[in-house]
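So the chains spell out like this:
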Amino acid sequence: MRKLKNIIITLTLLLLSAILYTNIKISHTTKKHIYTDIASTPHYTYAMVFGTPNLSRSGGENHFFTYRMEAVMELYSAQKIDTLILSGDHQGEEYSEIREMKQYLVNKGIPESIIKTDPEGFDTYQSVKNVSEMAGGQPFLMISQKFQLRRALFIAQHHGIYSQGFATKNVTKYFGFLTSVREHFARLTMWKDLYYND
């Protein structure tokens, strides 16, 4: 019993150490590539926004979605972006992050003519690679909350993709707790994507 307890403690410490190392590595590498102010954000021909459901699991407003859409509209109004690529999960009529984002933005006045879609952005890793190809290798601006941008930018840098990020308003700790926990594990699995899925 004692041996099992020691094994559990050791594995837990290793996991926590891996999470800490990954967080420090990602934050240090990407912190200079994230903008939070519209005025200081450079102009980009291409910008992308990461997909997320428009509604929360309880059926209420998903603030991650709302804040990303608001950032897109502000950047477009400030003439910071020319072409917008929506990257997300598209499973058809029943579930489509792409459809919800595009419908929201067009209803708010974003011209449909500047919107392109990547319906195979099933995760952050795939979205970054897909959008880079769609942009023809040109630099592009990523739009999302800061926690996702850090991981996305790290992935981009690993592949030699030049991009920067615009951090949208973040949700409250109450609404974002589960997402924060999930992000820690997503960063760990990112290593597998970087070194085994290429």
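Higher on the page you've got the structure.
Everything in this summary refers to the structure shown in the same document. Here the structure is a predicted model, which is why all the values come from computation and not from measurement. (Residues numbered from 1 in each chain as written. Predicted model: local features only at pLDDT ≥ 70, side-chain atom pairs only at ≥ 80, totals over all residues. Heavy atoms only, no water.)

On to the overall build of the chain. When its secondary structure is counted, the chain shows six helices and six strands. Ordering the α and β elements of the chain from the N terminus gives α-β-β-α-β-α-β-α-β-α-β-α. Within the span of the chain, comprising 198 residues, buried residues form 43% of the whole. Once local pairs closer than 6 in sequence are excluded, the contacts in the chain between residues at least 24 apart make up 73%. Here the chain displays about 11,300 Å² of accessible surface, and carbon together with sulfur accounts for 55% of that area. (Helix = DSSP H or I, 4+ residues; strand = E, 2+ residues; numbered from the N terminus. Buried < 20%, exposed > 50% of the residue type's maximum accessible area, 1.4 Å probe, protein only. Contact = heavy atoms within 4.5 Å. Areas by Shrake-Rupley, 256 points an atom, 1.4 Å probe, with all protein chains shown as cover.)

Bringing the packing of helix H4 (residues 124-134) against helix H5 (residues 146-158) into the picture now. For any two helices packed against each other, one specifies the crossing angle of their axes together with the interaxial distance. Packing of H4 against H5 leaves a shortest axis separation of 9 Å and a crossing angle of 55°. Judged on the interaxial angle alone, H5 and H4 are oblique. The two elements H4 and H5 meet at a crossing, and its hand is right-handed. Between H4 and H5, the contacting residues are Thr 124, Tyr 125 and Val 128 on the first element and Gln 148, Arg 151, Ala 152, Ile 155 and Ala 156 on the second. Taken together, the residues of the contact of H4 with H5 break down into five nonpolar, two polar and one charged. (Axes fitted to C-alpha atoms, helices over the stretch in contact; angles between N-to-C directions. Parallel < 35°, antiparallel > 145°, perpendicular 65-115°, else oblique. Left-handed = near helix turned anticlockwise from the far one by under 90°. Nonpolar A, V, L, I, M, F, W, Y, C, P; charged D, E, K, R; others polar.)

On inspection of all chains with the given rule, the structure shows two aromatic pairs. With centroids separated by 5.9 Å and ring planes inclined at 85°, the aromatic side chains of Phe 64 and Phe 147 adopt a geometry described as edge-to-face. Of this pair, Phe 64 sits in helix H2 (residues 63-77) while Phe 147 sits in helix H5; the two residues are 83 residues apart in sequence, bridging distant segments of the chain. For Phe 64, a relative accessible area of 9% gives the class buried. Judged by relative accessible area, which is 19%, Phe 147 ranks as buried. Aromatic pair Phe 65 and Tyr 104: ring centres 5.5 Å apart, planes at 90°, arrangement edge-to-face. Here Tyr 104 lies in helix H3 (residues 97-107) and Phe 65 lies in helix H2, a separation of 39 residues in the sequence. (Phe/Tyr/Trp six-rings, centres within 6.5 Å; stacked < 30°, edge-to-face > 60°.)

With six of its seven residues buried, strand E2 (residues 44-50) lies for the most part within the structure. Pairing of E2 with strand E3 (residues 81-87) involves six bridges; the strand directions are parallel. The residue of E3 that forms the bridge with Phe 50 is Ser 87. Here E2 runs beside strand E5 (residues 140-144); their pairing, made up of four bridges, is parallel. What sits directly across from Met 48, in E5, is Met 142. (Pairing = 2+ DSSP bridges.)

It is worth spelling out the pattern of salt bridges at this point. Inspection of every chain in the model, using the stated rule, returns two salt bridges. Among the salt bridges present, the one from Glu 100 reaches Arg 99, with a minimum N-O distance of 3.7 Å. Put simply, Glu 112 and Lys 102 hold a salt bridge, and the shortest N to O gap is 3.3 Å. Of this pair, Glu 112 sits in the loop between H3 and strand E4 (115-118) while Lys 102 sits in helix H3, and the two are 10 residues apart along the sequence. What makes Glu 112 partly exposed here is its relative accessible area of 47%. (Salt bridge = Lys/Arg side-chain N within 4 Å of Asp/Glu carboxyl O.)

This paragraph deals with the packing of H2 against H3. In the contact formed by H2 and H3, the axes pass within 11 Å of each other and the chain directions differ by 45°. When the axes of H2 and H3 are compared, the pair comes out oblique. Once H2 is placed against H3, the crossing between them reads as right-handed. Touching Phe 65, Thr 66, Met 69, Val 72 and Met 73 of H2 are Glu 100, Met 101, Tyr 104 and Leu 105, all from H3. Residue classes in the contact of H2 with H3 are distributed as seven nonpolar, one polar and one charged.

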